[in-house]
Amino acid sequence: MVKLEISWIFIVILLASLFSFADITGFAIKGGTERTATKNIEILEIEEPEIIIETENRESSIQDDYYLEPRGDFKAAEGPTICKCNSCVNCTNKLNDSSCDIIQLDTDINSMGGNCINNPDDFNNKIFDCQDYNINGTGSHWGIYLESKENNTIRNCNLTNWNSGIYVYANSNNNTITNNTANSNDYGIYLYDSPNNNLISNNLSLNKISGIIIYNNSNNNTLTNNTANSNNIGIYLQSNSN
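Scope of this entry: the structure provided in the associated data block. (Residues numbered from 1 in each chain as written. Predicted model: local features only at pLDDT ≥ 70, side-chain atom pairs only at ≥ 80, totals over all residues. Heavy atoms only, no water.)

A few words on the state of the cysteines. Within the structure shown, the criterion is met by 4 disulfides. Across the disulfide from C88 sits C116; the S-S distance is 2.0 Å. Sign of the S-S torsion, about -100° for the bond between C88 and C116, identifies this disulfide as left-handed. A residue pair is termed long-range when its members are at least 10 positions apart, and C88 in helix α2 (residues 88-95) and C116 in the loop between β9 (109-112) and β10 (117-118) qualify at 28 residues. The exposure class assigned to C88 is buried, which follows from its relative accessible area of 3%. (Disulfide = S-S within 2.5 Å. Helix = DSSP H or I, 4+ residues; strand = E, 2+ residues; numbered from the N terminus. Buried < 20%, exposed > 50% of the residue type's maximum accessible area, 1.4 Å probe, protein only.)

Most often, soluble globular proteins keep nonpolar side chains buried together rather than apart. Core analysis: the largest hydrophobic core is formed by 31 residues, its most contacted members being I117, F128, I135, I144, I166 and I189. Those elements that provide at least two residues to this core are β7 (82-85), α2, β8 (102-105), β13 (142-147), β16 (164-169), β19 (187-192) and β22 (210-215). In terms of residue count, α2 provides more of this core than any other element does, 3 residues in total. Once you skip the residues sitting within four places of it in the chain, I117 turns out to touch C88, C91, T92, L95, F123, F128, G143, I144 and Y145. (Core = buried A, V, L, I, M, F, W, Y, C linked by side-chain atoms within 4.5 Å. Contact = heavy atoms within 4.5 Å.)

Another aspect to go through is the environment of Y145. Looking at where Y145 falls in the secondary structure, it is placed in strand β13. Polar side-chain contacts of Y145 include one of 2.4 Å to the side chain of E147. (Polar contact = N/O pair within 3.5 Å; in protein donor to acceptor, adjacent residues only side chain to side chain.)

Before going further, it helps to spend a moment on α2. Because each turn of an α-helix spans 3.6 residues, side chains separated by three or four positions end up pointing in the same direction. When α2 is considered as a whole, its buried residues turn out to be C88, C91, T92 and L95. An end-on view of α2 places all buried positions within 100° of arc, on one side of the element. Its buried side turned inward, α2 meets β7, β8, β9, β10 and β11 (127-129). (Arc of directions from axis to C-beta.)

Moving on, we come to the packing of aromatic side chains. Under the criterion given, the structure shown has 10 aromatic pairs. Judged by centre distance (4.6 Å) and plane angle (55°), the rings of W142 and Y167 are tilted. Here the residue W142 occupies a position in strand β13, and Y167 occupies one in strand β16, the gap between them amounting to 25 residues. Overall, Y167 belongs to the buried group, its relative accessible area being 10%. Grouping aromatic residues by their ring pairs yields a cluster made of W142, Y145, Y167, Y169, Y187, Y190, Y192 and Y215. (Phe/Tyr/Trp six-rings, centres within 6.5 Å; stacked < 30°, edge-to-face > 60°.)

Right, let's talk about a nonpolar patch on the surface for a bit. Taken together, the side chains of L223, I235 and L237 make up a nonpolar region of the molecular surface, amounting to roughly 260 Å² of accessible area. By the secondary structure assignment, L237 is in strand β25 (residues 233-238). (Patch = residues over 30% accessible without salt bridge, like charges linked within 9 Å, V, L, I, M, F, W, Y side chains within 5 Å. Areas by Shrake-Rupley, 256 points an atom, 1.4 Å probe, with all protein chains shown as cover. Salt bridge = Lys/Arg side-chain N within 4 Å of Asp/Glu carboxyl O.)

The subject of this paragraph is the environment of H141. Relative to the helices and strands, H141 resides in the loop between β12 (134-137) and β13. Along the sequence, H141 and G113 sit 28 residues apart, while their C-alpha atoms lie 7.6 Å from each other. If we skip the residues at most four places from it in the chain, H141 touches G114, N115, W162, N163 and S164. Side chain to side chain, H141 and S140 meet in a polar contact 2.8 Å long.

See the structure below:
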């Protein structure tokens, strides 16, 4: 552990250059006795007037007025790539773009016929965040459709007037569906033959058949803090275990 006494002004400059806390390389530790960190440095904590970092070298504590100086090989680890989208086709394309990690809807989508998010090929290990915008259908098809997809998060979406607001199909595993609102559909959220998913804090109401349906070998799914009001059936389970 290396503890550096450092001015708050420098911390601000450092943050402005890094944008986020990340593993970084290419820093020298400068001061009364120059020391060089040749391995990764991780910023652990900033609390005026100290910045606490951890290196792979060895644990030590520096009490003098030391500071970090970027060397020529300075490199900051990159965070996730955020892509914006504004239509069903545009969002589907962004979800299918391997360079996009988090896809954010930035406007309402209204009166869309056909499936909106229609099972993009590369929709794995991603976050689709509607940011509380609406995706409104015309009474048929599916708002968000996944088939054989895994490790995704779908969050903050408002889905209205679909056959299924969110339809997770055919061995789609380990997805998290959280903080969505699905109202006035046939089904709010429909899991078919898809195990090991998490449904968390979703609000389902006024759906004609069921708020949540978990069907046909959709085993080991976890439901936490979901609200299903004024649906024909709140939560329907069939041919599942655990």
